[in-house]
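Okay, here's what each chain looks like letter by letter:
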Amino acid sequence: MDLFEHQARELFAEGGIPVPDAETADTARQAREAAERLGGRVVVKAQVKTGGRGKAGGVKLAADPAAAEVTARRILGMDIKGHTVRTVMLAQPVDIEAEFYVSYVLDRAAGTFLAIASAEGGMDIEEVAATRPEAVARIPIAPAEGVTEAKAAEIAAAASLPAATVPVLRALWQVLVREDALLVEVNPLVRTVSGDILALDGKVTVDDNARYRQARWGTDETARHDDPLEAAAAAKGLNYVKLDGTVGVIGNGAGLVMSTLDVVAGCGARPANFLDIGGGASAQVMADGLNVILSDPEVRSVLVNVFGGITACDAVADGIVQALDSVTLTKPLVVRLDGNNAARGRAVLDERAHPLVQQVTTMDGAARRAAELAAAV
Ligand code: GDP
Ligand code: MN
């Protein structure tokens with residue numbers, strides 16, 4: 001899970017890393033009030049879980065609280081790379097003399113952490129690495145040893161960072177350890193004209209496997225998802241991804257769902273989502289899945305494609321029938337059952353004889369039917 005900048009800032013502050021004074025605001029009015037408390041002149045920063053906010057117009061200086069209100073109004077609601085801005089952070093501006101880049105990231109291939117540091121911070125580090133690779137230092141960190149005084153000095157020297165960054169380099173490592181982070185990044189880490197070292201922007205990625213002990217940002221799965229439908233599905237434990245087409249797709253097993261998406265596309269339609277009900281196709285899972293898909297206004301038909309294995313088709317059919325009691329079906333449902341107990345499953349659905357449910361025995365045929373129904377609306 002990625003954290004917002006203001007959350008990363010909080011962790012940095014707690015870890016003893018100097019950061020500018022700041023507050024968050026969800027409305028322009030709150031932004032004005034926050035700016036008043038912060039001394040008037042502020043930087044207004046969009047809080048979205050993506051980089052390049054500066055370039056996108058999501059980081060702006062405001063001269064006084066009235067300007068902060070106007071700027072916040074402009075930034076709130078802005079779309080930055082598909083992320084809607086719902087919160088801004090107001091920060092005391094600093095006079096920058098130099099901008100650096102520092103991060104610690106898990107290097108899975110090497111089985112260690114990696115310090116990445118550069119005296120050319122502020123911009124996109126991938127860009128610096130591509131054009132001037134010699135300007136980016138990469139130093140492996142043995143996880144058990146961490147960033148000692150000597151290691152911090154080595155990183156600073158390798159990246160030509162001032163010696164004053166050494167305590168920050170050490171503190172940043174402690175943040176990574178304490179927060180179970182896979183990534184901590186400061187870009188830019190700045191030296192102000194008065195010589196202070198300050199973390200102006202931060203990114204922290206918490207290891208999802210550690211969420212049970214990092215409850216602070218919510219153990220709730222929904223925190224990981226920006227799309228409200230994806231969040232609702234995640235809350236129900238469903239493996240759901242929203243796509244931009246009109247045919248809702250439910251299947252059991254990621255492989256089958258992915259090939260179903262392909263077959264739907266092959267029929268000239270576009271899948272509206274990816275929903276894998278996995279092994280447990282209980283009535284509850286079916287009802288939850290159908291509810292999520294049917295609340296997507298783009299969906300015009302739904303295709304359920306199940307290959308019975310350990311989960312037999314009649315169990316899936318029972319699940320669908322029970323789900324139909326609690327879900328008001330508003331779109332046609334095409335069901336294809338094959339594999340273990342397929343005949344029994346089909347019989348269950350035939351008996352229910354819901355006017356909006358139809359069965360097709362082949363995957364191609366079912367996808368074609370769902371595509372036709374979606375096109376017919
Ligand atoms: P990003 O574009 O999403 O990485 O957002 P940043 O928080 O890194 O801001 C982008 C750039 O805005 C930074 O590299 C700085 O150059 C500038 N910036 C951010 N905060 C301040 C500030 O307090 N004072 C000044 N002078 N510039 C700032
Ligand atoms: Mn940045």
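Residues numbered from 1 in each chain as written. Chains lettered and ligands numbered in written order. Predicted model: local features only at pLDDT ≥ 70, side-chain atom pairs only at ≥ 80, totals over all residues. Heavy atoms only, no water.

1. Notes on the packing of helix H1 (residues 5–14) against helix H6 (residues 166–178)
Argument step 1. Relative orientation of the contacting elements H1 and H6 amounts to 115 degrees, with a least axis distance of 9 Å. Crossing angle aside, the handedness with which H1 passes H6 is right-handed. Contact with H1, carried on its side by Leu11, Phe12 and Glu14, involves Leu172, Val175 and Arg178 of H6 and no other residues of that element.
Argument step 2. Its residues assigned to classes, the contact of H1 with H6 shows four nonpolar, no polar and two charged. (Axes fitted to C-alpha atoms, helices over the stretch in contact; angles between N-to-C directions. Helix = DSSP H or I, 4+ residues; strand = E, 2+ residues; numbered from the N terminus. Left-handed = near helix turned anticlockwise from the far one by under 90°. Contact = heavy atoms within 4.5 Å. Nonpolar A, V, L, I, M, F, W, Y, C, P; charged D, E, K, R; others polar.)

2. Let's talk about the coordination of the manganese ion (ligand 2)
Six octahedral donors around a metal ideally sit at 90 or 180 degrees from one another, while four tetrahedral donors ideally sit at 109.5 degrees.
Argument step 1. Bound to the manganese ion (ligand 2) are the protein donor atoms Asn187 (O) and Asp201 (OD), situated 2.2 Å from the metal. Placement of the pair is Asn187 in strand S10 (residues 181–192) and Asp201 in the loop between strand S11 (197–199) and strand S12 (202–206), with a sequence separation of 14 residues. (Donors = N, O, S within 2.8 Å, 3.2 Å for Na, K, Ca; no water.)

3. A look at the packing of aromatic side chains
Argument step 1. Taken as a whole and judged by the stated rule, the model has two aromatic pairs.
Argument step 2. With a centroid separation of 5.5 Å and 85 degrees between ring planes, the pair formed by Tyr104 and Trp173 is classed as edge-to-face. Note that Tyr104 is positioned in strand S7 (residues 96–107) and Trp173 in helix H6, a separation of 69 residues in sequence. This pair shows no difference in class: Tyr104 is buried, exactly as Trp173 is.
Argument step 3. An aromatic cluster is present here, built from Tyr104, Phe113 and Trp173 joined pairwise through their rings.
Argument step 4. Positioned above the aromatic ring of Phe4, the side-chain terminus of Lys49 is 4.5 Å from the ring centre. (Phe/Tyr/Trp six-rings, centres within 6.5 Å; stacked < 30°, edge-to-face > 60°. Buried < 20%, exposed > 50% of the residue type's maximum accessible area, 1.4 Å probe, protein only. Lys NZ or Arg CZ within 6 Å of the ring centre and 35° of its normal.)

4. Some points on the pairing of strand S15 (residues 273–276)
A regular strand carries its side chains on alternate faces of the sheet.
Argument step 1. Side-chain alternation along S15 places Asn273 and Leu275 on one buried face and Phe274 and Asp276 on a second face that is also buried.
Argument step 2. In this sheet, S15 lies alongside strand S13 (residues 239–242) in antiparallel orientation, the contact comprising four bridges. In the sheet register, Tyr240 faces S15, and the bridge partner there is Leu275.
Argument step 3. Bridge analysis of strand S14 (residues 247–251) against S15 gives two bridges, and the strand direction is parallel. Looking at S15, one finds that Gly251 is bridged to Asp276.
Argument step 4. Remark: the S14/helix H8 (residues 254–266)/S15 crossover connection has right-handed handedness. (Pairing = 2+ DSSP bridges. Right-handed = clockwise from strand over helix to strand, strands pointing away.)

5. Topic: the site of ligand 1
Argument step 1. Neighbouring ligand 1 are 16 residues; Lys45, Arg53, Gly54, Val94 and Glu99 lie closest to it.
Argument step 2. Between ligand 1 and the protein, one listed contact pairs an oxygen atom with a side-chain N or O atom of Lys45 at 2.6 Å.
Argument step 3. Interatomic distance of 3.0 Å between a side-chain N/O atom of Asp201 and an oxygen atom of ligand 1.
Argument step 4. For ligand 1, whose unbound accessible area comes to 560 Å², protein coverage reaches 77%.
Argument step 5. For the shell around ligand 1, the secondary structure elements donating two or more residues are strand S2 (42–46), S7 and S10.
Argument step 6. Looking at side-chain class alone, the shell around ligand 1 contains seven nonpolar, five polar and four charged residues.
Argument step 7. Both of domain 1 (21–91) and domain 2 (96–215) provide at least three residues apiece to the shell around ligand 1. (Near = heavy atom within 4 Å. Polar contact = N/O pair within 3.5 Å; in protein donor to acceptor, adjacent residues only side chain to side chain. Areas by Shrake-Rupley, 256 points an atom, 1.4 Å probe, with all protein chains shown as cover. Domains from an automatic or database assignment.)

6. Some words on the sheet that holds strand S3 (residues 59–62)
Argument step 1. One open sheet holds the four strands; their spatial order is S1-S6-S2-S3, and the pairing between them is antiparallel. If you trace the sheet from one side to the other, it starts and ends with strand S1 (22–25) and S3, each paired once. Each strand of the sheet is rotated relative to its neighbour by a mean of 25 degrees, with strand direction disregarded.
Argument step 2. Here S2 pairs with S3 via four bridges, running antiparallel.

7. Examining the domain arrangement of the protein
Argument step 1. For the protein, the domain assignment lists domain 1 (21–91), domain 2 (96–215) and domain 3 (227–376).
Argument step 2. One C-alpha centre belongs to domain 1, the other to domain 2; they are set 25 Å apart.

8. Details of the packing of helix H5 (residues 149–158) against H6
Argument step 1. The interhelical angle for the contact between H5 and H6, taken along N-to-C directions, is 115 degrees, at an axis separation of 9 Å. Between H5 and H6 the crossing geometry is right-handed. Here Glu149, Ala152, Ala153, Ile155 and Ala156 of H5 lie close against H6, whose contacting residues are Val166, Leu169 and Arg170.
Argument step 2. Across the contact of H5 with H6, the residue classes break down as six nonpolar, no polar and two charged.

9. What about unusual backbone geometry?
Argument step 1. Each neighbour pair has its own omega, and for Asn187 with Pro188 the value is 10 degrees, a cis peptide bond.
Argument step 2. The residue Asp180 is not glycine, and still its phi comes out positive at about 55 degrees.
Argument step 3. Along the polypeptide, Asp180 turns up in the loop between H6 and S10.
Argument step 4. Given a relative accessible area of 17%, Asp180 falls into the buried group.

10. Structural notes on the nonpolar core
Argument step 1. Counting 40 residues, the largest nonpolar core has Phe12, Tyr104 and Val204 as its most contacted members.
Argument step 2. The element best represented in this core is H6, accounting for eight residues.
Argument step 3. Those residues in contact with Val204 that lie beyond four places of it in its chain are Met1, Asp2, Leu3, Ala8, Leu11, Phe12, Ala181, Leu183 and Val184.
Argument step 4. One finds Val285, Val299, Cys313 and Val357 within the second-largest nonpolar core, a separate group that totals 34 residues. (Core = buried A, V, L, I, M, F, W, Y, C linked by side-chain atoms within 4.5 Å.)

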